Amino acid sequence: AQSVTQPDIHITVSEGASLELRCNYSYGATPYLFWYVQSPGQGLQLLLKYFSGDTLVQGIKGFEAEFKRSQSSFNLRKPSVHWSDAAEYFCAVVDSGAGSYQLTFGKGTKLSVIP
Amino acid sequence: DGGITQSPKYLFRKEGQNVTLSCEQNLNHDAMYWYRQDPGQGLRLIYYSQIVNDFQKGDIAEGYSVSREKKESFPLTVTSAQKNPTAFYLCASSTSTGTAYEKLFFGSGTQLSVL
């Protein structure tokens, strides 16, 4: 079964610092990969997705992510964090070969931002 | 504005009681989903529906039931058989095409607690 690992439960960064959130997947076929963000008590919002093509994808709010097949990773990055980026971030994967409608989510990384 | 509406925002259940969570969307999406979110556990799929009058179990369907009588509505019933119902419940929808998982739109959630 596919699985998604987000090794960092909680990360704290200073405002203006760079950010990298890690995501690793366990999967045989070509995965479809996603990053979602959730503010407290709210639903999730799609930041970016990777299906194929350029392995560096740009998303909303200045985020980007790079797909590295050799490392089974899809890490999320932002060059300069803003206080409003404090939230929980979820990596997710879909089996592109199974016709599945089911996203498998990681357990999330909570981001705190120090002013 | 188009979107997904979940109600109520907070819900309390007594022992042995069934409760129903509402989810309505005006996005004209064919596919709808229910997720359960526990702290530190990410999102887990309860049920999903790709078309009216049809739905499938997700990973944790036991103790839950759904119906899909209208395209716009996908209510979730938490039955008395669900012994640990306290969680944050998220409803989502997407277009039902070959890439139905391409982007999920989420509601703002219902927090269910046991009295």
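Being a predicted model, the structure only gives us computed values, none of them experimental. (Residues numbered from 1 in each chain as written. Chains lettered and ligands numbered in written order. Predicted model: local features only at pLDDT ≥ 70, side-chain atom pairs only at ≥ 80, totals over all residues. Heavy atoms only, no water.)

(A) Up close: the interface of chain A and chain B. Taken together, the 20 residues of chain A in the interface contact 25 residues of chain B. Our count for the contact surface shared by chain A and chain B stands at four residue pairs in polar contact (both at pLDDT 80 or more). Listed by contribution, the elements that provide at least two residues to the side of chain A that touches chain B are strand S5 (31-38), strand S6 (44-50) and strand S10 (87-95) of chain A. Considering only residue class, the side of chain A that touches chain B consists of 11 nonpolar, seven polar and two charged. (Contact = heavy atoms within 4.5 Å. Polar contact = N/O pair within 3.5 Å; in protein donor to acceptor, adjacent residues only side chain to side chain. Helix = DSSP H or I, 4+ residues; strand = E, 2+ residues; numbered from the N terminus. Nonpolar A, V, L, I, M, F, W, Y, C, P; charged D, E, K, R; others polar.)

(B) Structural context of unusual backbone geometry. Of note, the bond from Ser-7 of chain B into Pro-8 of chain B is cis; its omega dihedral lies within 30 degrees of zero at -5°. Phi is positive for Lys-61 of chain A, which is not a glycine, with a value near 60°. Locating Lys-61 of chain A in the fold gives a position in the loop between strand S7 (56-58) and strand S8 (64-68). Of the residues examined, Lys-61 of chain A reaches a relative accessible area of 47% and is grouped as partly exposed. A positive phi is found at Asn-28 of chain B, a non-glycine position, where the angle reads about 60°. Position of Asn-28 of chain B relative to the elements: it lies in the loop between strand S3 (19-25) and strand S4 (31-38). (Buried < 20%, exposed > 50% of the residue type's maximum accessible area, 1.4 Å probe, protein only.)

(C) Structural detail: the packing of aromatic side chains. Residue and element names in this part refer to chain B. Per the counting criterion, the structure on display carries 15 aromatic pairs over all chains. Aromatic side chains Tyr-33 and Tyr-35 sit 6.4 Å apart centroid to centroid with 25° between the ring planes, which places their arrangement in the stacked category. The burial state of Tyr-33 is the same as that of Tyr-35; both residues are buried. Seen in terms of ring centroids, Tyr-33 and Tyr-48 are 6.4 Å apart; in terms of plane orientation they differ by 20°. Their pairing is stacked. Placement of Tyr-33 in strand S4 and of Tyr-48 in strand S5 (residues 42-51) is noted, with a sequence separation of 15 residues between them. Tyr-48 carries the same exposure label as Tyr-33, and that label is buried. (Phe/Tyr/Trp six-rings, centres within 6.5 Å; stacked < 30°, edge-to-face > 60°.)

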